[in-house]
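Observations on the three-dimensional arrangement
Take a look at the letters that make up each chain.
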Amino acid sequence: MRNSPGEFFGPLISALWLRPESALWYAHMLHAAAKFGVAQLNPPNLEFGCMDGLNTFTLFGGVMAPDFDVFDEVSWSRNSHKGASLKYDYYNISSGTPRISSIIHPAKNFFTHGLDWKQSHLDKATRYGVYKHLYNWAPGTPLAPYATHSINSIWAPNLYWVNDLDGLLAEFKRVLCTNGKLYTIAPDLNVLDTLIYRFHQIAPSNWIADLDRGRHENATAHAKTLLQWESKFSNARFSLSRHDKFIPDSVGRMYEIGLRPMFSVFMNMYEKLARQNPAALHELKKSWVETVTFLIAPFLDLESGLGHKTNYLWHIFELSPVP
């Protein structure tokens with residue numbers, strides 16, 4: 001079992017090497033999820049917002065080969081750095097080609113059900129072998145495939161962004177067994193203090209817009225204090241049985257910018273090297289991963305001054321439906 005953010009970061013950075021800030025964030029999230037037992041949830045279980053399956057595969061102990069990454073289906077554009085947002089996703093494309101041969105350590109567990117709202121993500125999720133059934137969900141609609149009281153546990157790492165959160169929580173309560181559990185994460189209101197948008201009054205507006213990518217608008221709409229989240233869940237007839245915080249503010253500030261503004265340049269180089277000299281690309285990646293791992297290591301150590309802060313930006317909850 002992986003017991004620290006650093007142990008999750010290694011497999012993630014190998015696959016997400018051009019987006020190290022994402023690997024850093026996900027490493028902390030998966031560590032928080034592992035502490036809450038999300039890697040051993042009782043079936044039948046469901047992951048709401050499974051994306052492409054890489055995070056879950058990593059949570060379950062899976063490892064991909066060094067030559068694997070998530071970028072070979074991404075097309076370069078000058079606006080690539082604005083991708084992976086709610087409004088625009090550079091990753092929303094799939095060749096449909098399975099890459100099972102890239103798995104060197106299979107996952108040790110699986111979810112009975114995986115749910116997402118982008119078919120391209122679901123196509124990719126099939127490659128990791130961590131879901132028995134996958135479902136393409138239309139936001140705002142009922143969880144139609146799942147009967148009342150048919151699911152023992154739900155992991156919902158993407159619950160917080162849903163506009164009709166009350167309706168979704170009602171559906172979760174419907175499908176969960178009487179003694180079921182819902183595990184989810186959510187941003188605290190203090191996440192706003194780390195966003196680049198805080199400089200909007202003194203920085204050029206086009207510069208702020210380019211780097212912000214709508215994140216301030218999204219956080220303003222969905223971030224809440226702990227008391228507000230507790231009230232939201234209580235009103236939806238869920239009791240809070242466990243709570244913790246994760247993402248130190250130092251990590252949040254690193255994630256906010258990271259190397260994202262250079263992503264379009266990196267993708268341009270990636271495409272050219274992949275087409276003209278794959279061996280050189282492999283050597284570049286190896287050196288890149290080693291360097292980034294060295295530079296980010298202090299942000300993965302929860303005992304260091306960089307990794308451990310009293311100010312945390314995200315919550316993780318274990319919730320139980322109230323009869």
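Calculation rules
Starting from 1, residues in each chain are numbered consecutively following that chain's sequence as written. It should be noted that, the model being predicted, local features are given only for residues of pLDDT at least 70 and side-chain atom pairs only at 80 or more, the latter also being counted only at that level, while totals for whole chains, interfaces and linings use all residues. To obtain the side-chain values, all non-hydrogen atoms of the structure were used and water was disregarded. Strands here are runs of E lasting at least two residues and helices are runs of H or I lasting at least four, both read from the DSSP assignment and numbered beginning at the N terminus. Two things to know: the radius of gyration comes from C-alpha atoms, and the globule rule equals 2.2 Å times the number of residues to the power 0.38. Per-residue accessibility, obtained with a 1.4 Å probe over protein chains only, is compared with the maximum for each type, and a residue is labelled buried under 20%, exposed over 50%, and partly exposed between these values. Contact criterion: two residues are considered in contact whenever any of their non-hydrogen atoms come within 4.5 Å of each other. Residue burial considers only the protein chains on display, and all accessible areas are found by Shrake-Rupley using a 1.4 Å probe. Charge convention: Lys and Arg are scored as positive, Asp and Glu as negative, and His as well as the terminal groups of each chain are ignored. By convention, the point assigned to a charge is CZ for Arg, NZ for Lys, CD for Glu and CG for Asp. Geometry of aromatic contacts follows a simple scheme: Phe, Tyr and Trp rings, the Trp one being its six-membered ring, pair when their centres are within 6.5 Å, and the pair is stacked under 30 degrees between planes, edge-to-face over 60, tilted otherwise. Fitted lines through C-alpha atoms give the axes, limited to the stretch in contact for helices. The angle between two N-to-C directions lies from 0 to 180 degrees. In this scheme, roughly parallel covers angles under 35 degrees and roughly antiparallel covers those over 145, while 65 to 115 is roughly perpendicular and the rest are oblique. Crossing chirality is assigned from the near helix's rotation relative to the far helix, an anticlockwise turn below a right angle marking it left-handed and a clockwise turn marking it right-handed. Only Asp, Glu, Lys and Arg are considered charged, only Ala, Val, Leu, Ile, Met, Phe, Trp, Tyr, Cys and Pro nonpolar, and every remaining residue, Gly among them, polar. Being paired, for any two strands, means DSSP has found at least two bridges between them. Two distance rules govern patches: like charges are joined within 9 Å, and nonpolar side chains (Val, Leu, Ile, Met, Phe, Trp, Tyr) within 5 Å, applied only to residues with over 30% relative accessible area and no salt bridge. Basic side-chain nitrogens of Lys or Arg form a salt bridge, by our definition, when they fall within 4 Å of a carboxyl oxygen of Asp or Glu.

1. Some details on the overall build of the chain
- For the chain, the helix and strand inventory stands at 11 helices and nine strands.
- For 323 residues, the compact-globule estimate of 2.2 N^0.38 gives 20 Å, and the C-alpha radius of gyration of the chain, at 19 Å, lies within 12% of that figure.
- Counting only C-alpha atoms and orienting by the principal axes, one finds that the chain spans roughly 60 × 50 × 35 Å.
- Each of the 323 residues in the chain was classed as buried or not, and the buried ones make up 52%.
- Of all intrachain contacts in the chain linking residues separated by at least 6 positions in sequence, the fraction that spans at least 24 positions is 79%.
- Carbon and sulfur atoms make up 56% of the accessible area of the chain, which amounts to about 14600 Å² in all.
- Positive and negative charge centroids in the chain, built from 30 and 29 side chains respectively, lie 1 Å apart.

2. A short note on the environment of Phe36
- Take Phe36: it is sitting in the loop between helix 2 (20-35) and strand 1 (45-48).
- Taking relative accessible area as the criterion, Phe36 reaches 5% and is therefore assigned buried.
- Separated by 280 residues in sequence, Phe36 and Ile316 place their C-alpha atoms 8.5 Å apart.
- Those residues in contact with Phe36 that sit more than four places away from it in its chain are Tyr183, Arg242, His243, Asp244, Ile316, Phe317 and Glu318.

3. Remarks on the packing of aromatic side chains
- Tallied over the entire structure, the rule returns 23 aromatic pairs.
- Centroid distance Phe60 to Phe111: 5.4 Å. Interplanar angle 40°. Geometry classified as tilted. Taken as a pair, Phe60 in the loop between helix 3 (54-59) and strand 2 (63-64) and Phe111 in strand 4 (residues 111-116) lie far apart in primary sequence, 51 residues in all. Both residues of the pair, Phe60 and Phe111, count as buried.
- With 5.0 Å between their ring centres and 80° between their planes, Tyr160 and Trp314 make a pair best called edge-to-face. One end of the pair, Tyr160, is in the loop between strand 6 (151-156) and helix 5 (165-175); the other, Trp314, is in strand 9 (residues 312-321), and 154 residues separate them in sequence.
- Given the relative accessible area of 9%, Trp314 is considered buried.
- In this structure an aromatic cluster arises from ring pairing among Trp17, Phe71, Phe263, Phe266, Tyr270 and Trp288.

4. Remarks on the packing of helix 1 (residues 5-15) against helix 11 (residues 278-296)
- Close contact between helix 1 and helix 11 brings their axes to 10 Å; oriented N to C, the two are set at 140°. Put simply, helix 1 runs oblique to helix 11. Handedness of the helix 1/helix 11 crossing: right-handed. Only Lys285, Val289, Val292, Thr293 and Ile296 of helix 11 make contact with helix 1, whose side of the interface consists of Phe9, Ile13 and Ser14.
- Residue composition of the contact of helix 1 with helix 11, grouped by class: five nonpolar, two polar and one charged.

5. Some details on the sheet that holds strand 5 (residues 131-136)
- Judged by pairing direction, the sheet is mixed, and its seven strands sit side by side in the order 5-4-1-6-7-9-8 without closing on themselves. Lying at the two open borders of the sheet, with one neighbouring strand each, are strand 5 and strand 8 (238-248). Shown here is a sheet whose adjacent strand axes are inclined to one another by a mean of 15°, direction ignored.
- When strand 6 meets strand 7 (residues 176-187), the two strands line up parallel, connected through five bridges. What sits directly across from Ile151, in strand 7, is Leu176.
- Taken strand by strand, helix 9 (residues 249-257) contacts strand 8 and strand 9, and its axis lies near 70° from that of strand 8.

6. Focus on a nonpolar patch on the surface
- Where nonpolar side chains cluster on the molecular surface, the patch consists of Met262, Val265 and Met269 and spans about 250 Å² of accessible area.
- Along the chain, the position of Val265 falls in helix 10 (residues 263-276).
- For Val265, a relative accessible area of 38% corresponds to the partly exposed category.

Keep in mind that these numbers describe shape and distance, not what the molecule does.
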